[in-house]
Amino acid sequence: MKHSALLTMLVATLALGGCLNVPPGPAGPQGATGDTGATGNAGAQGRTGNTGNTGNTGYTGATGATGNTGNTGYTGATGDTGATGNTGNTGATGDTGNTGARGNTGNTGAKGSNGNGSTVVVVPQQ
């Protein structure tokens, strides 16, 4: 019975511990680092395969013959150039006309009044 009372207390503590918000305590000291294991042996190196044979090179074909060039035709004769025609005569220049007669000089006008009130009548020439 002693065990069941302890077990009941432990279950009650765990149940109530989940309901409480208690800050965690300080971190504990760092644990020691474990030893590194031994390195395994290196495996054996594999063999290199054989190199294949190189194939034969084919023959180059012969170049065909070049054909002959055809003959060049003859150039035809050049025709003669025709004669150039004569230039026509230049026509005569007409005579210069006579100069017209000189006109007569006009009459002298009448003398104006002398300021005494008399009238001067001008009679045209007939």
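Residues numbered from 1 in each chain as written. Predicted model: local features only at pLDDT ≥ 70, side-chain atom pairs only at ≥ 80, totals over all residues. Heavy atoms only, no water.

Engineer: Sorry, what's going on with the overall build of the protein here?
Structural biologist: The number of helices and strands found in the protein is one helix and zero strands. Expressed as a percentage of the 126 residues in the protein, the buried residues total 0%. (Helix = DSSP H or I, 4+ residues; strand = E, 2+ residues; numbered from the N terminus. Buried < 20%, exposed > 50% of the residue type's maximum accessible area, 1.4 Å probe, protein only.)

Engineer: What exactly am I supposed to notice about a nonpolar patch on the surface here?
Structural biologist: Among the surface-exposed residues, Leu-7, Leu-10, Val-11 and Leu-14 lie close enough to one another that they form a single nonpolar patch of about 420 Å² accessible area. With respect to the element layout, Leu-14 can be found in helix α1 (residues 2–19). Judged by its relative accessible area of 62%, Leu-14 is exposed. (Patch = residues over 30% accessible without salt bridge, like charges linked within 9 Å, V, L, I, M, F, W, Y side chains within 5 Å. Areas by Shrake-Rupley, 256 points an atom, 1.4 Å probe, with all protein chains shown as cover. Salt bridge = Lys/Arg side-chain N within 4 Å of Asp/Glu carboxyl O.)

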